[in-house]
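Structure at a glance
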Amino acid sequence: MPSRTKTVLIWIVTFFIMLIICMPGLWIILSAFRTNGEILTKPAIWIPQNLTLDNFRAIFGFGENVVGIPVASYFRNSLVISITSTALALLIGMTGGYAFARYSFPGKKPAFLWLMLSRTVPGIALSLPIFIIWSRLGIIDTKFGVILVFTAINVPFTVWLTEGFFRQVPNDLNEAAQIDGCTRWQAFWKIEFPLAKSGIASAGIFAFLTSWNEYALASQLTRSTDSKTLPVGLMDFTAQFTIDWAGMCAMAVIIIIPALILTFLVQKHLIAGLTFGGVKG
Amino acid sequence: MATVTLKDVVKRYGAVEVVHGINLDIAHNEFVVLVGPSGCGKSTTLRMIAGLEEISDGDILIGDQVVNQLPPRKRNISMVFQNYALYPHMTVSENLGFSLKIASRSKEEIEAAVQDAADILGLDELLERTPAELSGGQRQRVAMGRAIVRHPDVFLFDEPLSNLDAKLRTQMRVEIKKLHAKVKTTIVYVTHDQVEAMTLADRIVIMKDGHIVQIGTPLEVFERPVDTFVAGFIGSPPMNLIDGTIKNDTVVFSDGRSVPVPPDFSGKVVDGRRVVFGFRADVLMPKGHTLAESGVLHDLDLTIDLAEPLGSESILLSSFGGKDIQARMHNPRPVKGGEVLSCELHLEKCHLFDAETGQSLRG
Ligand SMILES: Nc1ncnc2c1ncn2[C@@H]1O[C@H](COP(=O)(O)OP(=O)(O)OP(=O)(O)O)[C@@H](O)[C@H]1O
Ligand SMILES: [Mg+2]
């Protein structure tokens with residue numbers, strides 16, 4: 001059966017492409033459970049000989065060879081910074097998106113365009129000016145300083161995504177709600193917000209992941225356990241002459257896990273969000 | 001008493017004026033239909049009454065209260081939207097009860113009111129469904145149900161039937177009329193369909209380009225249109241309108257044929273005046289196929305181009321006075337194209353309009 005062979009062929013090709021795409025991720029997860037020696041062996045050992053949890057023990061400060069890296073502090077910093085900046089970005093972005101979707105005001109189109117264009121500037125290009133201003137303000141190496149930057153990074157995308165969702169909610173609904181006795185505000189919370197929920201959830205996920213994974217700017221703006229985030233902390237594993245690959249991979253897994261959990265929790269919304277909210281007419 | 005009064009109401013969008021100072025008095029429990037071609041300002045007027053659109057000038061009163069500045073929720077009105085605007089994330093019963101919930105009524109009260117509305121509109125079976133699981137006609141009914149649960153002072157409808165197919169539209173039209181008989185309320189209804197306007201309205205308000213052209217009962221606007229616009233807009237088929245000139249108490253048309261000046265207009269026109277002669281298909285009928293009518297009749301021979309049989313009558317297409325016209329044949333017999341029929345024109349029901357302004361010359 002030619003069509004059967006074709007199907008099988010497609011499956012094999014798909015599998016290999018998938019393997020290539022997933023390889024780095026798999027390698028990180030595998031390496032997190034191997035010893036540094038095994039990771040560095042040449043030629044490479046693909047199938048791990050003996051798996052171990054030592055790397056994780058070392059990170060969390062028990063076991064034989066303790067790594068002197070305050071992972072718990074970094075984790076807390078990451079959490080505080082990501083959650084706060086996401087919440088702020090959602091609040092600002094959602095109200096902005098709603099305004100762009102519902103109201104007409106002078107300069108609306110250029111404003112929206114500029115908001116989107118701001119995304120084209122690579123964040124790192126702004127790092128020097130931000131660094132200078134932040135240090136003058138004395139908010140270098142504070143969570144507040146990082147939160148401010150991350151919020152600014154996330155707002156344009158949140159505005160863009162939620163604007164699309166609010167625009168898909170017919171304006172008639174909010175008018176019907178007002179006639180049914182709602183104030184403008186009630187109409188928003190009871191009708192438009194629930195209907196744009198999946199868009200807002202996806203915007204939230206994107207904002208959170210951006211903040212959670214951001215490295216370039218955070219590495220400039222943070223110094224100590226006061227504000228260093230997990231991705232920045234990852235670099236603590238590189239000493240002058242050695243790199244603790246195993247420890248680094250174990251920590252990378254720790255970084256990935258919360259993001260994965262969150263994504264799974266809201267994936268229903270995420271898919272709805274990407275397939276129907278992102279498309280704009 | 002829920003009267004609605006519009007006093008010199010103006011609506012501007014920026015520099016563009018779309019409603020030019022309209023005046024309208026709507027009585028308690030009256031069913032008023034705003035009708036007119038697309039873009040004439042019907043929806044805008046309705047939305048100003050609802051409070052969804054600010055008025056640029058003038059006053060709107062509901063009862064004795066000036067409501068210019070009141071938000072929609074304080075006007076005690078309900079509105080049925082063209083695309084129904086049901087809340088998609090709520091069930092039918094939640095949709096119906098939403099306004100009462102917002103007003104923090106008790107659970108029992110809401111349930112009773114929802115049940116009431118469901119009974120009136122036959123929605124009992126649908127209460128637990130969401131709007132996505134309803135047909136167009138059912139959605140329409142839910143939208144009306146949502147409007148009636150609060151017992152508003154005024155109902156506003158914006159082309160509620162235009163998304164339904166022809167058969168359902170006729171059916172829902174009857175239901176709306178029944179609804180008005182059941183829940184006596186002032187209704188303002190917008191449509192561009194003159195049949196809907198004629199069948200539903202106590203009074204019709206005909207609008208054009210942001211002006212009110214004529215206000216009257218369906219019969220008044222049908223029988224005494226104030227200008228050629230109303231004459232052409234109301235009634236189906238539209239009134240035949242033919243350009244002509246007055247000469248010795250007759251109207252002479254471009255093809256040389258003529259008819260006497262209708263009795264209502266004699267003495268009101270002088271020789272040489274250019275006019276538009278108007279008559280409906282119903283008043284021009286082949287001899288032997290008329291409804292028994294007496295009065296001033298004028299005999300005409302018509303060459304029939306085409307006959308459209310409708311069963312109990314036929315519409316005859318012909319040309320007269322240089323225009324394509326339509327006549328009506330009761331108890332029809334087959335008519336061939338090119339056949340010449342001797343017809344009579346019921347002169348008392350004919351109209352004369354000024355050729356320039358289009359205004360009726362009835363005076
Ligand atoms: N937001 C707006 N800004 C500018 N002009 C508008 C706006 N809304 C409506 N108009 C204009 O006002 C006029 C009246 O519009 P309206 O919606 O009242 O027409 P309508 O009689 O309801 O027509 P239809 O039968 O097509 O619904 C139109 O010429 C329209 O272009
Ligand atoms: Mg309209």
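Calculation notes
Residues numbered from 1 in each chain as written. Chains lettered and ligands numbered in written order. Predicted model: local features only at pLDDT ≥ 70, side-chain atom pairs only at ≥ 80, totals over all residues. Heavy atoms only, no water. Buried < 20%, exposed > 50% of the residue type's maximum accessible area, 1.4 Å probe, protein only. Helix = DSSP H or I, 4+ residues; strand = E, 2+ residues; numbered from the N terminus. Pairing = 2+ DSSP bridges. UniProt positions renumbered as here; feature names shortened; annotations may be inferred. Core = buried A, V, L, I, M, F, W, Y, C linked by side-chain atoms within 4.5 Å. Contact = heavy atoms within 4.5 Å. Polar contact = N/O pair within 3.5 Å; in protein donor to acceptor, adjacent residues only side chain to side chain.

1. Regarding the pairing of strand 12 (residues 250-253) of chain B
All names here are of chain B. The side-chain alternation of strand 12 yields one buried face, formed by Val-251 and Phe-253, and one unburied face, formed by Thr-250 and Val-252. For strand 11 (residues 240-247) and strand 12, the ladder comprises four bridges, and the chain directions are antiparallel. Paired with Ile-246 across the bridge in strand 12 is Val-251. The antiparallel pairing of strand 11 with strand 12 creates a hairpin that spans two residues between the two strands, and Asn-248 there sits at a positive phi of about 50°. Judged from the three bridges that link them, strand 12 and strand 13 (residues 258-260) form a sheet pairing that is antiparallel. Within strand 13, the residue paired with Thr-250 across the bridge is Pro-260. Adjacent in sequence and paired antiparallel, strand 12 and strand 13 are bridged by four residues, among which Gly-256 carries a positive phi angle near 90°.

2. Overview of the UniProt feature "transmembrane region" (unreviewed entry) in chain A
Taking the UniProt record as the reference, the feature "transmembrane region" (unreviewed entry) is found at residues 7-30, 79-100, 112-134, 146-166 and 245-266 of chain A. Here residues 7-30 of chain A is 100% helix and 0% strand, with 31 Å between the C-alpha atoms at its ends.

3. As for the nonpolar core
With 45 residues, the main nonpolar core has B:Val33, B:Leu96, B:Met144, B:Phe157, B:Ile176, B:Tyr189 and B:Ile206 as its most contacted residues. Here this core takes six residues from helix 3 (residues 107-121) of chain B, the largest share from any one element. With near-sequence residues (within four places) excluded, B:Tyr189 lies in contact with B:Phe31, B:Val32, B:Val33, B:Leu34, B:Phe157, B:Pro160, B:Leu161, B:Ile176, B:Glu196 and B:Leu200. If you look at the next biggest cluster of nonpolar residues, it comprises 42 residues, including A:Ala176, B:Leu24, B:Phe81 and B:Val205.

4. Considerations on the side chain of A:Glu192
All names here are of chain A. Locating Glu-192 in the fold gives a position in helix 9 (residues 184-195). Within the local environment of Glu-192, its side chain forms a polar contact with the side chain of Arg-102, the two groups lying 2.7 Å apart. Excluding its chain neighbours within four sequence positions, the residues that come into contact with Glu-192 are Tyr-98, Arg-102, Phe-166, Val-169, Asn-174, Arg-184 and Ala-187.

5. Re unusual backbone geometry
Residues and elements named next belong to chain B. Across the junction of Ser-236 and Pro-237, the peptide omega takes the value 0°, indicating a cis bond. Along the polypeptide, Pro-237 turns up in the loop between helix 8 (228-233) and strand 11. Although it is not a glycine, Ala-85 sits at a positive phi angle of roughly 50°. Counting through the fold element by element, Ala-85 comes out in the loop between strand 6 (77-80) and helix 2 (92-102).

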